[in-house]
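Working through the structure, step by step
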Amino acid sequence: MLASTPLLRGPVSVVDYRCAAGPDDRPYAEHHQAWSVSYVRRGSFGCRCRGHTHELVPGSLLVGRPGDEYTCTHEHHLGGDECLAFFVSPELVGEIDRRGRAWQSGGVPPLAELVVLGELAQHAAGGANDLGLDEIGLALAARFVAVAAGGQRPARPTSADKRRAVESALWIDAHADEALTLEALAARSGWSAYHYLRVFAAVLGVTPHQYLVRCRLRRAAGLLADDDRSITDIALDVGFADLSNFVRSFQRAAGTSPRGFRRAARGDRKIFQERLARRL
């Protein structure tokens, strides 16, 4: 009745949930096992928690605090529901919600400040952008806490922060073909994953994962222009785990396929000329 697909494991773990329960299914009490923020992308369900009842629809959040009891109900909708759930480590929660008051179990209505990040996360899960799911999970959690607490101060990097962020970016560029995670990059810089993400983005204008993908794309573009190896070999060489992910990312960035880019780089300008003509 409930299908779950793990998408990412780590300090920020991500699971895709699909529930087929309906009005005829008897609800039962459960307990949140971890700190979590789940984005409802389809369907509807109710949630009874801490003496309140919440009706969740697409765009809502289901928030979990470890140990809290909750009961999901489905009396109003026949089609089940789908959620993208982010589970955040206690250490990161302590940094995001320093006072420990904002992160309370329950439902959050579809707020403009949250639905945009939820949809961004959904697109990232489907490979439609180059953000990391852990990055979006942290951003969504921080935005939820900011809304619940009434606002959050933006990161204000010091000169030392800026130097360390730049050093990290240069290291990423030199090791872009390796399997790099937000957790490992943060540890290398001596920061928590949350602080590292905030400072890196504030200093450089992109997240660490976005920068990593763009380093790989830049290197791939050079190899496509000058190297006769297969596109698959180039994709793997620059750090992409599979060909389909590389092709999607490259086409989104270049406006043409890797094969088309290679032809254009070697003198066939018709591809880019046709694309420019369609925009005019």
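Please refer to the structure higher up on the page.
Please read these numbers as outputs of a predicted model, since none were measured by experiment.

1. Concerning the overall build of the protein
In terms of regular secondary structure, the protein is built from eleven helices and ten strands. Considered along the principal axes of its C-alpha atoms, the protein spans approximately 65 × 45 × 35 Å. Per-residue burial over the protein gives 44% buried out of 280 residues. Looking at the protein alone, contacts between residues at least 24 apart form 68% of all its contacts between residues at least 6 apart. Accessible surface for the protein amounts to roughly 14600 Å². Of this, 51% is attributable to carbon and sulfur atoms. Of the side chains in the protein, 35 bear a positive and 32 a negative charge, and the two mean positions are spaced by 6 Å.

2. Some thoughts on the packing of aromatic side chains
All told, the structure shown has nine aromatic pairs when counted by the stated rule. A centroid spacing of 6.3 Å and a plane angle of 55° characterise the contact between F200 and Y211, whose relative ring orientation is tilted. One end of the pair, F200, is in helix α6 (residues 193-204); the other, Y211, is in helix α7 (residues 208-226), and eleven residues separate them in sequence. Overall, F200 belongs to the buried group, its relative accessible area being 0%. Taken together, a centroid distance of 5.2 Å and an interplanar angle of 80° make the contact between F250 and F261 edge-to-face. In this pair, F250 is assigned in helix α9 (residues 243-254) and F261 in helix α10 (residues 258-265), connecting sequence segments eleven residues apart. Across the pair, exposure class does not vary: F250 and F261 are buried alike. Cluster of aromatic residues (ring-pair linked, three or more members): W191, Y196, F200 and Y211.

3. Quick word on the environment of L62
The residue L62 is located in strand β7 (residues 61-64) in this model. Counting along the chain gives 175 residues from L62 to D237, while the straight-line C-alpha distance between them is 40 Å.

4. A few points about the packing of helix α5 (residues 182-189) against α6
Where α5 contacts α6, the axes come no closer than 9 Å and their chain directions differ by 85°. The angle between α5 and α6 places the two elements in the roughly perpendicular class. Residue-level contacts link L182, L185, A186 and S189 of α5 to A193, Y196 and L197 of α6. Taken together, the residues of the contact of α5 with α6 break down into six nonpolar, one polar and no charged.

5. Things to note about the sheet that holds strand β4 (residues 35-43)
Taken in spatial order, the six strands line up as β1-β2-β9-β4-β7-β10 in an open sheet, and their pairing is antiparallel. At either margin of the open sheet sits one strand with a lone partner, and together these are β1 (2-8) and β10 (106-108). Between one strand axis and the next, the sheet turns by 25° as a mean value, whatever way the strands run. When β7 meets β10, the two strands line up antiparallel, connected through three bridges. Directly across from L61, in β10, lies its bridge partner V108.

6. Here we look at the side chain of R216
As for its position among the elements, R216 is in helix α7. Nearest to the buried, unbridged R216 among oppositely charged side chains is D177, at 7.3 Å. For R216, the side chain forms a polar contact with the main-chain oxygen of A176, separated by 2.6 Å.

7. Things to note about the sheet that holds strand β5 (residues 45-49)
One open sheet accounts for four strands, arranged β3-β8-β5-β6; its pairing is antiparallel. Looking at which strands have only one partner, the edges of the open sheet turn out to be β3 (29-31) and β6 (52-56). Ignoring strand direction, the axes of neighbouring strands in this sheet form an average angle of 30°. In terms of strand pairing, β5 meets strand β8 (residues 69-73) through four bridges, oriented antiparallel. Paired with C47 across the two strands is C72, which belongs to β8.

Scoring rules and cut-offs
Residues numbered from 1 in each chain as written. Predicted model: local features only at pLDDT ≥ 70, side-chain atom pairs only at ≥ 80, totals over all residues. Heavy atoms only, no water. Helix = DSSP H or I, 4+ residues; strand = E, 2+ residues; numbered from the N terminus. Buried < 20%, exposed > 50% of the residue type's maximum accessible area, 1.4 Å probe, protein only. Contact = heavy atoms within 4.5 Å. Areas by Shrake-Rupley, 256 points an atom, 1.4 Å probe, with all protein chains shown as cover. Lys, Arg positive; Asp, Glu negative; His and termini not counted. Charge placed at Lys NZ, Arg CZ, Asp CG, Glu CD. Phe/Tyr/Trp six-rings, centres within 6.5 Å; stacked < 30°, edge-to-face > 60°. Axes fitted to C-alpha atoms, helices over the stretch in contact; angles between N-to-C directions. Parallel < 35°, antiparallel > 145°, perpendicular 65-115°, else oblique. Nonpolar A, V, L, I, M, F, W, Y, C, P; charged D, E, K, R; others polar. Pairing = 2+ DSSP bridges. Salt bridge = Lys/Arg side-chain N within 4 Å of Asp/Glu carboxyl O. Polar contact = N/O pair within 3.5 Å; in protein donor to acceptor, adjacent residues only side chain to side chain.

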